Amino acid sequence: MAWWKRGRKGSGRGPSDGPNMAVDQQAVRKHLAEFAESRRGVEAYVEPPTNVTATTVILIAHDGEWTRRAAGSRQAAFELAGSLGVPVYDVLQTGYPGRMREWNSRQRKKG
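As named in an unreviewed UniProt entry, the protein is Oxidoreductase, taken from Pedococcus aerophilus.

*Asks:* What is the right way to read the nonpolar core from this model?
*Replies:* A general feature of soluble globular proteins is that nonpolar side chains tend to end up buried together. Of all hydrophobic cores here, the largest spans 17 residues; its most connected members are L32, V42, A44, V57, L59, L84 and V86. Elements represented by at least two residues in this core include exactly α1 (25–37), β1 (43–47), β2 (55–60) and α2 (74–83). Take this core: its biggest share by element is five residues, from α1. Those residues in contact with V42 that sit more than four places away from it in its chain are F35, A36, L59, I60, A61, V86 and P87. Among the nonpolar cores identified, the runner-up in size contains five residues, and I58, I60, V91 and M100 belong to it.

*Asks:* Help me understand the environment of G82 in this model?
*Replies:* Within the element layout of this structure, G82 appears in helix α2. Residue class for G82 comes out partly exposed when judged on its relative accessible area of 42%. Separated by 38 residues in sequence, G82 and A44 place their C-alpha atoms 8.4 Å apart.

Calculation notes
Residues numbered from 1 in each chain as written. Predicted model: local features only at pLDDT ≥ 70, side-chain atom pairs only at ≥ 80, totals over all residues. Heavy atoms only, no water. Core = buried A, V, L, I, M, F, W, Y, C linked by side-chain atoms within 4.5 Å. Buried < 20%, exposed > 50% of the residue type's maximum accessible area, 1.4 Å probe, protein only. Helix = DSSP H or I, 4+ residues; strand = E, 2+ residues; numbered from the N terminus. Contact = heavy atoms within 4.5 Å.

Here it is in structure tokens:
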């Protein structure tokens, strides 16, 4: 068996990465809901798929802390984010908020 086919046989879920990756929607929903419930001012941003990732949802809190999870498709991403009761944006139209970049910068300085 070729190395690029390992792990796919019999899984029934699809590839584990890339734009067509299989996504455990329950696990994603649980993680994002916990993040949104435990932080203030959370907003969701839907990110488009790339050659190596599926469509993703990134949640960003008031202080810039963030988390990202694959959602599978654009429609699933918007539905998932909307179900959390937070504002939802298309990152291609709005870009990322400055507070996210500032939070990333603070984290780099700590480490």
